[in-house]
Amino acid sequence: MKNSSIRYACPPPVNISRRNWPSKTLTRSPAWCAVDLRDGNQALPNPMTPVQKKRFFQLLVELGFKEIEVGFPSASADDFQFCRDLIEQKLIPDDVTISVLTQAREHLIRRTLESLHGVRRAIVHVYTATSELHMNYVFGKTAAETEQMALAAIAMVRDGRKELAGSEILLEFSPEEFTDSELDFTVGLCDRVIETWQPRRGEKVILNLPATVERRMPNQYADMIEEFIRRQKHRKQSLISLHAHNDMGCAVAATELALLAGADRVEGTLFGHGERCGNVDLVTLCMNLQYLGVDTGIRFADIEKIRDELVELTSMPVHPRHPYAGELVFTAFSGSHQDAIHKGLSRAEELAERFGGWKIPYLHIDPRDIGRSFEKFIRINSQSGKGGIAHVLQQEFGIRLPRQLLIDFSQHVQRHTDKVQREVDAKELLSLLLESYVLQDGPVKLLKYWPRPDAEDPTKIHGEVHLEFHGQHRTLNGTAPGPIAAFVRAVKQLDLPFNFALEEYEEDAIGQTDDAEAITFVRLAATVAGVRKSVYGIGFGVNIDQAAVRAVVSGLNALLL
Ligand code: KIV
Ligand code: ZN
């Protein structure tokens, strides 16, 4: 490995006179063809059973795919039978066209056409490798021999389709290893494929131009597509199709740029299953286009359900950070991200108006658009901050903590997550909050509280408190302008080892209906054994008064414990 520039024979860039694609934008959806049941399935460690393939087919139909490559019928008895089952059991909706792959060889074409008897509409997809590497070194053929074989195969399908009376048979041709082939050769060959096929009026031949192995950067794929279209003779009778594999990890980018270059159609698989690093991932690609405002016709309304079902069908996991579908892609662990998301979501409408569409810090799309919920957005671990904690408590339980209390609570959370060395879920977070601030069962135990307005002077409240103090039943009375102050006055008559002050008080409702529960937050301060202490207490109740006195009891117990 002396000089890395000569270690690999990367294909040279194609000479292109003009380059229009960089200044284009994506505004229209390509036609989609899902090749999961052929290219995807052939690369699974455990190929799908016929039952699984049927379910997969239905799923693709449900998602909105109108073209589905269902197999390689001449290559295996299973694929042949699967195709027969779909046709004979009438499982193909009227608006869906199946496609079957075949090599350009006579006996294989014959068998392929046989598999299509009775079909309403189907695409016969013929492929032949056109790179020098393949033609010469794999098949031992010259370019001329390859062309002759390909054209003979096209003529055979053309003539053979006459025997499929009542079926509409369309043609797809792929020069395999297109991106590693001489452009002049593939353009000329594809022109002659169309001439041999002799399309009927209005009929288009699908010219599928694959990056069989990804050997180039995405801009070069786009260049090749733009130049192919420029040079071809029969643009109007062709549909330019993309089929990118992902060896360099750029299949989505390559396809997007090649669409800018003028392609009409895309082949790929859900979650990118396929040989080696897979095919272009249609989930990411479709969702990227949706994000750009292009209606793809494909609906991932419940992406998690689709993901889980596909994992089951293919036995292939989906990476937790897979765009759109991965378990963690709408989750923020870091405190600053959580805080920004929380702030953004709290002002979502205002932001949408300002930016002319949904836009939230650190979130690419609104997860609800693909059936994902807010609940898993923000996960709490030792990296998390106040924003995340606030968000989870608010979203999950409707609890909005006052700022100072939130700061105090985040220290409890930090200590806890450091101790347990893992993330905590929403329930655990709530338990931690209750354990830390809702202390009803300590030295002070409230039994009842009756606040009553004075019969003569309504600005005076008499509070009657029944409680246990260190296990002793006590009845205490206090009078003040408000029920909470009356309660505080009453409990100050206990033999407490400190004098306390109620320094902060905030109330809120959990929920927005008439029967919303009240929640109250207090901060009590006292000098206990010569040390100044400031503690928070939380109380819940059917009304504000009951919630408030419970919050004071929580605070007192915190001072006493
Ligand atoms: O990747 C490829 O080139 C293919 C062809 C058969 C279209 O799958
Ligand atoms: Zn492929």
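Remember, predicted model here, so these are calculated numbers, not experimental data.

## Comments concerning the sheet that holds strand S1 (residues 31-34)
Overall, parallel pairing links the 8 strands, which are arranged S1-S2-S3-S4-S5-S6-S7-S8 in a closed barrel. Going from strand to strand, the sheet's axes swing by 25 degrees on average, the running direction of each strand aside. When strand S4 (residues 121-129) meets strand S5 (residues 168-176), the two strands line up parallel, connected through 9 bridges. Note that in S5 the partner of Ala 122 across the bridge is Ile 169. Packing against the sheet, helix H3 (residues 50-63) makes contact with S1, strand S2 (67-71) and strand S3 (97-103), and its axis sits at approximately 170 degrees to S2.

## Brief notes about the packing of aromatic side chains
In this structure the tally under the stated criterion is 5 aromatic pairs. Ring geometry for Phe 72 against Tyr 127: centres 6.3 Å apart, planes inclined by 75 degrees, an arrangement best described as edge-to-face. With a gap of 55 residues between them, Phe 72 in the loop between S2 and helix H4 (77-88) and Tyr 127 in strand S4 connect regions that are remote in the sequence. With respect to class, Phe 72 is no different from Tyr 127; both count as buried. Between Tyr 437 and Tyr 536, the aromatic rings sit 6.5 Å apart at their centres with planes inclined by 85 degrees, giving edge-to-face as the arrangement. One end of the pair, Tyr 437, is in helix H17 (residues 426-437); the other, Tyr 536, is in strand S14 (residues 531-541), and 99 residues separate them in sequence. Just as Tyr 437 is buried, Tyr 536 falls in that class too.

## A short note on the packing of helix H16 (residues 403-420) against H17
Contact geometry of H16 with H17 gives a least axis separation of 10 Å together with a crossing angle of 115 degrees. The angle between the axes of H16 and H17 places the two elements in the roughly perpendicular class. Judged by the sense of rotation from one axis to the other, the crossing of H16 with H17 is right-handed. Seen from H16, the contacting residues are Leu 405, Asp 408, Phe 409, His 412, Val 413 and His 416; seen from H17, they are Glu 428, Leu 429, Leu 432, Leu 433, Ser 436 and Tyr 437. Taken together, the residues of the contact of H16 with H17 break down into 7 nonpolar, 3 polar and 2 charged.

## Observations concerning the site of ligand 1
Neighbouring residues of ligand 1: Arg 38, Asp 39, His 125, Tyr 127, Ser 174, Glu 176, Asn 208, Pro 210, Thr 212, His 243 and His 245. Within the side chain of Thr 212, a nitrogen or oxygen atom sits 2.6 Å from an oxygen atom of ligand 1. With respect to ligand 1, the side chain of His 245 contributes an N or O atom lying 3.0 Å from an oxygen atom. When the free accessible area of ligand 1 is taken as 260 Å², the share hidden by the protein chains comes to 96%. Broken down by secondary-structure element, the contributors of at least two residues to the shell around ligand 1 are helix H2 (36-42), S4, S5 and strand S6 (205-211). Considered class by class, the residues forming the shell around ligand 1 number 2 nonpolar, 6 polar and 3 charged.

## Some remarks on the coordination of the zinc ion (ligand 2)
Asp 39 (OD), His 243 (NE2) and His 245 (NE2) make up the full set of protein donors to the zinc ion (ligand 2), lying at 2.0 to 2.1 Å. Expressed as a motif, the donor residue spacing for the zinc ion (ligand 2) is D-x203-H-x1-H. Here His 243 lies in strand S7 (residues 238-244) and Asp 39 lies in helix H2, a separation of 204 residues in the sequence. Each member of the pair, Asp 39 as well as His 243, is classed as buried.

## Some remarks on the domain arrangement of the protein chain
Segmenting the protein chain into domains produces domain 1 (29-314), domain 2 (335-423) and domain 3 (444-560). Summarising the inter-unit geometry, the C-alpha centres of domain 1 and domain 2 are found 43 Å apart. Facing the 8 residues of domain 1 at the interface are 7 residues of domain 2. Of the roughly 630 Å² buried between domain 1 and domain 2 on both sides combined, carbon and sulfur atoms contribute 53%. Counting the contacts that link domain 1 with domain 2 gives 1 salt bridge. The salt bridge involving Glu 304 is made with Arg 372; its shortest N-O contact spans 2.9 Å. Seen at the junction of domain 1 and domain 2, the total is 3 residue pairs in polar contact (both at pLDDT 80 or more). Secondary structure elements with two or more residues in the side of domain 1 that touches domain 2: helix H11 (282-291) and helix H12 (303-314). Residue composition of the side of domain 1 that touches domain 2, grouped by class: 5 nonpolar, no polar and 3 charged.

## A few points about the pairing of S5
Two faces belong to every sheet, and in a regular strand the side chains alternate between them. In terms of residue burial, S5 counts as a mostly covered element, since 8 of its 9 residues are buried. Two elements, S5 and S6, share 2 bridges in a ladder whose sense is parallel. Note that in S6 the partner of Phe 173 across the bridge is Leu 207. Remark: the S5/helix H8 (residues 183-197)/S6 crossover connection has right-handed handedness.

## Some details on the pairing of strand S13 (residues 517-528)
Where burial is concerned, most of S13 is hidden: 10 out of the 12 residues are buried. Across 10 bridges, the pairing between strand S12 (residues 500-510) and S13 is antiparallel. Counted as the bridge partner of Glu 504 is Arg 523 from S13. Linking two consecutive strands that pair antiparallel, namely S12 and S13, is a turn of 6 residues; a positive phi of about 100 degrees is found at Gly 511 within it. Sheet analysis places S13 next to S14, joined by 11 bridges and oriented antiparallel. Bridging from a neighbouring strand, Thr 527 pairs with Arg 532 of S14. If you look at the hairpin formed by S13 and S14, you'll find 2 residues sitting between the two strands, and Ala 529 has a positive phi there, around 50 degrees.

## A look at the sheet that holds S12
The strand order across the open sheet built from 3 strands is S12-S13-S14, with neighbouring strands paired in antiparallel fashion. The strands lining the two open edges of the sheet, one partner per strand, are S12 and S14. The sheet shows a mean angle of 15 degrees between the axes of neighbouring strands, taken without regard to direction.

## Focus: H8
Look at H8: 21 Å from first C-alpha to last across 15 residues, which is about the 21 Å you get at 1.5 Å a residue. Across the 15 residues of H8, 12 count as buried, placing the element largely inside the fold. Of all the positions in H8, only Leu 183, Phe 185, Thr 186, Val 187, Gly 188, Leu 189, Cys 190, Asp 191, Val 193, Ile 194, Thr 196 and Trp 197 are classed as buried. Taken together, the buried residues of H8 touch helix H6 (132-137), helix H7 (143-160), S5, S6, helix H9 (218-231) and S7. Looking one or two residues past H8, Gln 198 carries a phi angle of roughly 55 degrees, positive in sign.

Here is what the cut-offs are and how they apply
Residues numbered from 1 in each chain as written. Chains lettered and ligands numbered in written order. Predicted model: local features only at pLDDT ≥ 70, side-chain atom pairs only at ≥ 80, totals over all residues. Heavy atoms only, no water. Pairing = 2+ DSSP bridges. Helix = DSSP H or I, 4+ residues; strand = E, 2+ residues; numbered from the N terminus. Axes fitted to C-alpha atoms, helices over the stretch in contact; angles between N-to-C directions. Contact = heavy atoms within 4.5 Å. Phe/Tyr/Trp six-rings, centres within 6.5 Å; stacked < 30°, edge-to-face > 60°. Buried < 20%, exposed > 50% of the residue type's maximum accessible area, 1.4 Å probe, protein only. Parallel < 35°, antiparallel > 145°, perpendicular 65-115°, else oblique. Left-handed = near helix turned anticlockwise from the far one by under 90°. Nonpolar A, V, L, I, M, F, W, Y, C, P; charged D, E, K, R; others polar. Near = heavy atom within 4 Å. Polar contact = N/O pair within 3.5 Å; in protein donor to acceptor, adjacent residues only side chain to side chain. Areas by Shrake-Rupley, 256 points an atom, 1.4 Å probe, with all protein chains shown as cover. Donors = N, O, S within 2.8 Å, 3.2 Å for Na, K, Ca; no water. Domains from an automatic or database assignment. Buried area = accessible area lost by both parts, 1.4 Å probe. Salt bridge = Lys/Arg side-chain N within 4 Å of Asp/Glu carboxyl O. Right-handed = clockwise from strand over helix to strand, strands pointing away. Expected span 1.5 Å × (residues − 1).

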